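What the coordinates show
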Amino acid sequence: MLLLLLLQVSASCLWLGRSEVVTSFENSCPQFFFRETPPNEALKPESPAWICQRYENQYYFATLYDRNRRIPVYSAYLYQPGPGTRPKTWMVEPQLMGRTYPKTMEREWTLLNYFNVSLKQLSKSQAILQDYKNLTGLNRGHLNPSGHHPDSSSRTATFTLTNIVPQDEKLNGGAWKNYEQQTMIRRTQGCKTTYVVVGAVPGNNYIANGRVNKPSHIWSSACCVVDTNHRKAWAVIAENDKNEVQLLTLGKLEDMLTQLYRRDRVSLFDRDCPRE
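Rules used in this analysis
Residues numbered from 1 in each chain as written. Predicted model: local features only at pLDDT ≥ 70, side-chain atom pairs only at ≥ 80, totals over all residues. Heavy atoms only, no water. Pairing = 2+ DSSP bridges. Helix = DSSP H or I, 4+ residues; strand = E, 2+ residues; numbered from the N terminus. Contact = heavy atoms within 4.5 Å. Axes fitted to C-alpha atoms, helices over the stretch in contact; angles between N-to-C directions. UniProt positions renumbered as here; feature names shortened; annotations may be inferred. Buried < 20%, exposed > 50% of the residue type's maximum accessible area, 1.4 Å probe, protein only. Phe/Tyr/Trp six-rings, centres within 6.5 Å; stacked < 30°, edge-to-face > 60°. Salt bridge = Lys/Arg side-chain N within 4 Å of Asp/Glu carboxyl O.

Turning our eyes to something else, we now look at the sheet that holds strand E7 (residues 193–201). Strand-to-strand pairing in sheets goes through backbone hydrogen bonds, with the strands running parallel or antiparallel. If you walk across this open sheet you meet the 8 strands as E1-E2-E3-E4-E7-E10-E11-E12, and the pairing is antiparallel. The two strands at the open ends of the sheet, each matched to only one other strand, are strand E1 (21–22) and strand E12 (246–248). With 10 bridges joining them, strand E10 (residues 217–227) and strand E11 (residues 230–239) adopt antiparallel strand pairing. Note that in E11 the partner of Trp219 across the bridge is Ile237. Packed onto the sheet, helix H7 (residues 175–187) meets E7, E10, E11 and E12 and runs at close to 170° relative to E11. Its contacts with the sheet put helix H8 (residues 250–261) on strand E4 (71–78), E7, E10, E11 and E12, and the angle it makes with E11 is roughly 40°.

Spelled out as structure tokens, the structure:
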């Protein structure tokens, strides 16, 4: 009886406090953006969710999520690589079901068994583990990679399906991996703080019987603060069916995204981040 009471109290505590799905990044987790300025609304999907990615009562990065396509539009984080093992547990975002659900990312099993949630309810506005089973030629591709974080908790926080897209397996394990693990190390030499925004352009194809969009392109951009008066920036983009990564200026990436989205002019960082 005492054990049951303790479990109920523990579960109820997860429901308390500030929500993780928020109304804007500026008011909730602006620290992941250069000069606390998120990308403009040119990338905003029809049914967006702004997620301050919370794990063990701490925010680790920010994700703009597309509820309809069930993929992230972008994730924003601070580049702070460190040694460590790759996590194995995948999580989901409870508050995509509603603000009354837990504020922190959770395992599917926890929600199904302790919060009286059905798999149908959970899967309505986000991808679930079943969507990524039996993939052919594709991987679960991180936008915000675990290896760009310094400790176990921050790396584990990247293992949420709201930070994942179906990515070409050769690209994910080849040219994109080289960018994440080698180019970023070279490019960030001399940087005091490096802000990263990495995203995916929706494509025309889907996996999981039309539930989860397969992006046409994967892209990443970085704004490096060298000191008070000096900054540098760079970007890359890759077609999601080729093992090639194109290194660009920030301005060129914004030009390409503007063309791909066919909306307003895309701006990824505050104007003081150099475009050339």
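The next point concerns the UniProt feature "domain: ENPP1-3/EXOG-like endonuclease/phosphodiesterase" (unreviewed entry) in the chain. Here, the residues flagged by UniProt with the feature "domain: ENPP1-3/EXOG-like endonuclease/phosphodiesterase" (unreviewed entry) are residues 58–268. Helix and strand shares over residues 58–268 are 23% and 31% respectively, and the end C-alpha atoms of the span are 25 Å apart.

With that out of the way, let us pick up the pairing of strand E2 (residues 48–55). Of all 8 residues that make up E2, 6 are buried, and the element is covered over most of its length. With 2 bridges joining them, E1 and E2 adopt antiparallel strand pairing. What sits directly across from Val21, in E2, is Ile51. In this structure, E2 lies alongside strand E3 (residues 58–66), joined through 8 bridges in antiparallel fashion. Within E3, the position partnered with Cys52 by the bridge is Ala62.

A separate point is the packing of aromatic side chains. Think of a pair of aromatic rings as described by two things: how far the centres are apart, and how the planes are tilted against each other in angle. For the coordinates displayed, the defined rule picks out 6 aromatic pairs. Here the aromatic rings of Trp176 and Tyr179 are separated by 6.0 Å at their centres, their planes lie at 50°, and the arrangement is tilted. Taken together, the residues Trp176 and Tyr179, both in helix H7 and 3 residues apart, mark about one turn of the helix. Of the two residues, Trp176 and Tyr179, both sit in the buried class. Taken together, the aromatic side chains of Phe25, Phe33 and Tyr74 make up a single cluster linked through ring pairs.

What follows deals with the pattern of salt bridges. This model, assessed by the stated rule, comprises 9 salt bridges. In this structure, the salt-bridge partner of Glu254 is Arg275, at a minimum N-O distance of 2.8 Å. Residue Glu254 is found in helix H8, and its partner Arg275 is found in the segment after H8; the two are separated by 21 residues along the sequence. We note that Glu254, like Arg275, is buried. Ionic pairing is found between Asp255 and Arg265, a salt bridge with its closest N-O pair at 2.3 Å. In this pair, Asp255 sits in helix H8 while Arg265 sits in the segment after H8, placing the two residues 10 residues apart along the sequence. The class for Asp255 is partly exposed, based on a relative accessible area of 29%. Taking the relative accessible area as the measure of exposure, Arg265 reaches 44% and is therefore partly exposed. Salt bridges sharing partners connect three or more residues here, namely Glu254, Asp255, Arg265 and Arg275.

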